[in-house]
Amino acid sequence: DGSVWSAGANQYYQLGFPSDSVRIYYWAKIPGLSGIKSAITCDESSLFLSTDGSVYGAGHSSFGLFGLTGTGYYQAPVKLSISGIDKVSLGTDHALYLAKDGTLYLAGRTVADHKGMRNGAEGPSYDTPFVLMKNVVTMSSGAGFGLIVKSDGTLWAFGDNALGQFGNGTTADS
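Procedures and definitions
- Residues numbered from 1 in each chain as written.
- Predicted model: local features only at pLDDT ≥ 70, side-chain atom pairs only at ≥ 80, totals over all residues.
- Heavy atoms only, no water.
- Helix = DSSP H or I, 4+ residues; strand = E, 2+ residues; numbered from the N terminus.
- Buried < 20%, exposed > 50% of the residue type's maximum accessible area, 1.4 Å probe, protein only.
- Pairing = 2+ DSSP bridges.
- Axes fitted to C-alpha atoms, helices over the stretch in contact; angles between N-to-C directions.
- Polar contact = N/O pair within 3.5 Å; in protein donor to acceptor, adjacent residues only side chain to side chain.
- Core = buried A, V, L, I, M, F, W, Y, C linked by side-chain atoms within 4.5 Å.
- Salt bridge = Lys/Arg side-chain N within 4 Å of Asp/Glu carboxyl O.
- Contact = heavy atoms within 4.5 Å.

Visitor: Can you help me understand the environment of Gly144 in this one?
Guide: Within the secondary structure, Gly144 is located in the loop between β11 (136-141) and β12 (145-150). By relative accessible area, Gly144 is classed as buried at 14%. Each C-alpha atom of the pair Gly144 and Phe158 lies 8.6 Å from the other, and the pair is 14 residues apart in sequence.

Printed below as a string of structure tokens:
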């Protein structure tokens, strides 16, 4: 029915409950959400994707990963400014938003910030989603890195590769 239920640790409000309780012990319906087709969580944050392409965030918007001005803790789901989204992926300090037209947006922080992927943008927080790549069919985020599959079948990786997670025979970041 498009509702979202959650339980567990809530110290950063990542479950979508504006509660003083740091733990929700029983499954509970998150108030204010409907028409949700997918939900994803990572560490201190959660993203909820609506059937109409809207995205909602709850919890800690570390380094601006919700694409809202500044960082902070959102105690209840808040509608993000980005729209027309088909898929979302959440890393530790960044989020990927894939639009229905295949445009991939990045908000937040990754090692890629230090590799020039932001076209000169600087600062401690990157709270405005920017176009990372076009013609994308799917993607996935990890702790400081992301993997992208384009429509031509090629696989791209960016960010932290310290543990060789790119599978390219090196530990160099990109």
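Visitor: How should the sheet that holds strand β8 (residues 94-99) be read in this particular structure?
Guide: The strands making up a sheet associate through backbone hydrogen bonding, with each pair oriented either parallel or antiparallel. Reading across the sheet, the four strands line up as β7-β8-β9-β10 and stay open at both edges, with antiparallel pairing between neighbours. With partners counted over all chains shown, the strands left at the sheet margins are β7 (85-90) and β10 (130-133), one partner each. Going from strand to strand, the sheet's axes swing by 30° on average, the running direction of each strand aside. Bridging between strand β9 (residues 104-108) and β10 involves three bridges; their strand directions are antiparallel. When the sheet's bridge partners are listed, Leu104 is paired in β10 with Met133.

Visitor: In this structure, what is going on with the side chain of Ser61? I would like to understand it.
Guide: Relative to the assigned elements, Ser61 resides in the loop between β5 (55-60) and β6 (73-79). Side-chain polar atoms of Ser61 contact the backbone nitrogen of Phe66, separated by 3.1 Å.

Visitor: It is not clear to me how the nonpolar core should be interpreted in this structure. Could you clarify?
Guide: Generally speaking, nonpolar side chains in soluble globular proteins are found buried as a group. Ranked by size, the top nonpolar core spans 16 residues in total, and within it Leu47, Val55, Leu80, Ile85, Val88 and Tyr97 carry the most contacts. Elements represented by at least two residues in this core include exactly β4 (45-50), β7 and β8. Among the nonpolar cores identified, the runner-up in size contains eleven residues, and Leu96, Leu132, Met133 and Val136 belong to it.

Visitor: When you look at the sheet that holds β12 in this model, what are you seeing that I'm missing?
Guide: Read across the sheet, three strands follow the order β11-β12-β13 without closing on themselves; strand pairing throughout is antiparallel. Strand pairing shows two members of the sheet lacking a second neighbour, β11 and β13 (155-159), which therefore form its edges. Shown here is a sheet whose adjacent strand axes are inclined to one another by a mean of 20°, direction ignored. The sheet contact formed by β12 and β13 spans five bridges and is antiparallel. Its bridge partner being in β13, Phe145 is matched across the sheet by Gly159.

Visitor: Any chance you could explain unusual backbone geometry here in plain terms?
Guide: When glycine is set aside, most residues are seen to have a negative phi, and most peptide bonds are trans. Even without a glycine there, the phi angle at Tyr13 is positive, about 70°. Counting through the fold element by element, Tyr13 comes out in the loop between β1 (5-9) and β2 (23-29). With a phi close to 55°, Asp43 is a non-glycine residue in the positive phi region. Tracing the backbone through its elements, the reader meets Asp43 in the loop between β3 (36-42) and β4. We classify Asp43 as exposed; its relative accessible area is 51%.

Visitor: Would you mind going over the pattern of salt bridges with me for this structure?
Guide: Two side chains that carry opposite charge are able to pair once their charged atoms sit near each other. Taken as a whole, this structure holds one salt bridge when the rule is applied. For Asp86, the salt bridge identified is with Lys37, shortest N-O distance 3.2 Å. Residue Asp86 is located in strand β7, and its partner Lys37 is located in strand β3; the two are separated by 49 residues in the primary sequence. For Asp86, a relative accessible area of 29% translates into the label partly exposed.

Visitor: For this particular structure, what's the right way to read the side chain of Asn10?
Guide: Within the fold, Asn10 resides in the loop between β1 and β2. Here Asn10 falls in the buried class, since its relative accessible area comes to 1%. Not counting chain neighbours up to four residues away, the residues in contact with Asn10 comprise Leu15, Gly16, Phe17, Ser19, Ser21, Val22, Arg23 and Ile24.

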